[in-house]
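Fold and contact review
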Amino acid sequence: MLEIANLSHTYPNGTVALDDVTLSIPRGMYGLLGPNGAGKSTLMRTIATLQEPTAGTITFGAIDVIAEPEKLRRTLGYLPQDFGVYPRVSAYSMLDQVAVLKGITGKSERKSVVETLLNQVNLWAVRDKNIAGFSGGMRQRFGIAQALIGNPELIIVDEPTAGLDPEERNRFLNLLVAIGDNVVVILSTHIVDDVADLCPRMAVLANGRVQIEGSPGELIAST
Ligand code: ADP
Ligand code: ADP
């Protein structure tokens, strides 16, 4: 369970991006919905320990996320927005290198992790191809494979369907669902359809504030 309490963030130029956000996010798929500028990326980056909030607390299980960022990072999979620039290396080799960086140093274990992930995201057939030449959908599927290395218990994906065609979008979203109920998956998007069918719970953010929070049914009933 991820607990966010009274979280606020004001950028140095005075922009209030988050304003007293409190959310309890259970295991499973959780949707974070809101228009551009709502504060979604700021919230995602803050949870992912890439920036510190101006005020508030975040805990993930026993981890105090703001005080112990390195502990969270060990169990975090993060697919940022605009995940697009790649060195000219093959999908296989890139995942293999990321696995080393995540501490999977045994060769046979790494081979098994990389092969399983490439199959899971349906990129096995193109494992030797340069990721620089991948389509948008292939990149996003590669990105989720990279985020899944090391079996994270918290997975954050920020606006993952931007620029994908409908088929790739469905493929990607189904992949997220298949990751399982046993981890927390936060999906941030400005597209209602991305979360409506997939997420048992969701929050709507606007102007840095939580407008509504609940199941899709509760959200529809309250509007
Ligand atoms: P979203 O992801 O929902 O589009 P963001 O978190 O990116 O929202 O942005 C929330 C608000 O904070 C917006 O008004 C945006 O312009 C502003 N903002 C984002 N990043 C910065 C920054 N580095 N400096 C100043 N303002 C920022
Ligand atoms: P090194 O250069 O350290 O010897 P390799 O890159 O040759 O390591 O490969 C490490 C392991 O990953 C080997 O077991 C190899 O068979 C496997 N491997 C490497 N590339 C691929 C690939 N494209 N498809 C399947 N397995 C691969």
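Up top is the structure these notes are about.
This text gives an overview of the structure that appears in the document. Fair warning: this is a prediction, and the values are worked out from it, not measured in the lab.

Description of the overall build of the chain
The number of helices and strands found in the chain is 8 helices and 10 strands. What you see for the chain is a C-alpha radius of gyration of 17 Å, in line with the 17 Å of a compact globule of 223 residues. Overall, the chain is about 45 × 40 × 35 Å in size when its C-alpha atoms are taken along their principal axes. Counting over 223 residues, the chain shows a buried share of 48%.

Concerning the packing of helix H3 (residues 91–101) against helix H4 (residues 107–120)
Packing of H3 against H4 brings their axes to within 10 Å, and their N-to-C directions diverge by 130°. Between H3 and H4, the angle is such that the two are oblique. Between H3 and H4 lies a crossing whose hand is right-handed. Counting all contacts with H3, which are made through Ala91, Tyr92, Leu95, Asp96, Ala99 and Val100, the residues of H4 involved are Arg110, Lys111, Val114, Glu115 and Leu118. Per-class residue counts for the contact of H3 with H4 are 7 nonpolar, no polar and 4 charged.

Here's the deal with the site of ligand 2
The environment of ligand 2 is made up of Tyr92, Lys107, Lys111, Glu115, Trp124, Arg127 and Asp128. One nitrogen or oxygen atom from the side chain of tyrosine 92 is found 2.9 Å from an oxygen atom belonging to ligand 2. Within the side chain of aspartate 128, a nitrogen or oxygen atom sits 2.5 Å from a nitrogen atom of ligand 2. Taking 560 Å² as the accessible area of ligand 2 by itself, protein coverage stands at 47%. Counting residues per element, the shell around ligand 2 draws most heavily on H4, at 3 residues. When the residues that make up the shell around ligand 2 are grouped by side-chain class, the tally is 2 nonpolar, no polar and 5 charged.

Here we look at the site of ligand 1
The environment of ligand 1 is made up of Tyr11, Asn13, Thr15, Ala17, Pro35, Asn36, Gly37, Ala38, Gly39, Lys40, Ser41 and Thr42. Take glycine 37: an N or O atom from its main chain is 2.7 Å from an oxygen atom of ligand 1. A distance of 3.0 Å separates an oxygen atom of ligand 1 from a polar backbone atom of glycine 39. Considered on its own, ligand 1 offers 560 Å² of accessible surface; in the complex 63% of this is hidden by protein. In terms of residue count, the dominant contributor to the shell around ligand 1 is helix H1 (residues 40–47) (3 residues). Looking at the shell around ligand 1, its residues break down into 4 nonpolar, 7 polar and 1 charged.

Section: unusual backbone geometry
Negative phi values dominate among residues other than glycine, just as trans dominates among peptide bonds. A positive phi is found at threonine 49, a non-glycine position, where the angle reads about 65°. Position of threonine 49 among the secondary structure elements: in the loop between H1 and strand E4 (55–60).

Here we look at the pattern of salt bridges
Tallied over the full model, the rule gives 9 salt bridges. Where lysine 40 meets glutamate 159, a salt bridge forms, and the shortest distance between an N and an O atom there is 3.6 Å. Residue lysine 40 is located in helix H1, and its partner glutamate 159 is located in the loop between strand E7 (154–158) and helix H6 (166–178); the two are separated by 119 residues in the primary sequence. Given a relative accessible area of 5%, lysine 40 falls into the buried group. For glutamate 159, a relative accessible area of 8% gives the class buried. Notably, a salt bridge pairs glutamate 68 with lysine 71, separated by 3.0 Å at the nearest N-O pair.

What about the side chain of serine 90?
Relative to the helices and strands, serine 90 resides in the loop between strand E6 (76–79) and H3. Here serine 93 takes part through its backbone nitrogen, which lies 3.0 Å from a polar atom of the side chain of serine 90. With residues up to four places along the chain from it excluded, the contact list for serine 90 reads Arg127, Asp128, Lys129 and Asn130.

Observations regarding the packing of H3 against helix H5 (residues 136–148)
With their axes 9 Å apart at the nearest point, H3 and H5 run at an angle of 25° to one another. Classified by the angle between their axes, H3 and H5 sit roughly parallel to one another. The handedness of the crossing between H3 and H5 is right-handed. Between H3 and H5, the contacting residues are Ala91, Met94, Leu95 and Val98 on the first element and Phe142, Ala145 and Gln146 on the second. Grouping the constituent residues of the contact of H3 with H5 by class yields 6 nonpolar, 1 polar and no charged.

About the thresholds
Residues numbered from 1 in each chain as written. Chains lettered and ligands numbered in written order. Predicted model: local features only at pLDDT ≥ 70, side-chain atom pairs only at ≥ 80, totals over all residues. Heavy atoms only, no water. Helix = DSSP H or I, 4+ residues; strand = E, 2+ residues; numbered from the N terminus. Rg over C-alpha atoms; globule rule 2.2 N^0.38 Å. Buried < 20%, exposed > 50% of the residue type's maximum accessible area, 1.4 Å probe, protein only. Axes fitted to C-alpha atoms, helices over the stretch in contact; angles between N-to-C directions. Parallel < 35°, antiparallel > 145°, perpendicular 65-115°, else oblique. Left-handed = near helix turned anticlockwise from the far one by under 90°. Contact = heavy atoms within 4.5 Å. Nonpolar A, V, L, I, M, F, W, Y, C, P; charged D, E, K, R; others polar. Near = heavy atom within 4 Å. Polar contact = N/O pair within 3.5 Å; in protein donor to acceptor, adjacent residues only side chain to side chain. Areas by Shrake-Rupley, 256 points an atom, 1.4 Å probe, with all protein chains shown as cover. Salt bridge = Lys/Arg side-chain N within 4 Å of Asp/Glu carboxyl O.

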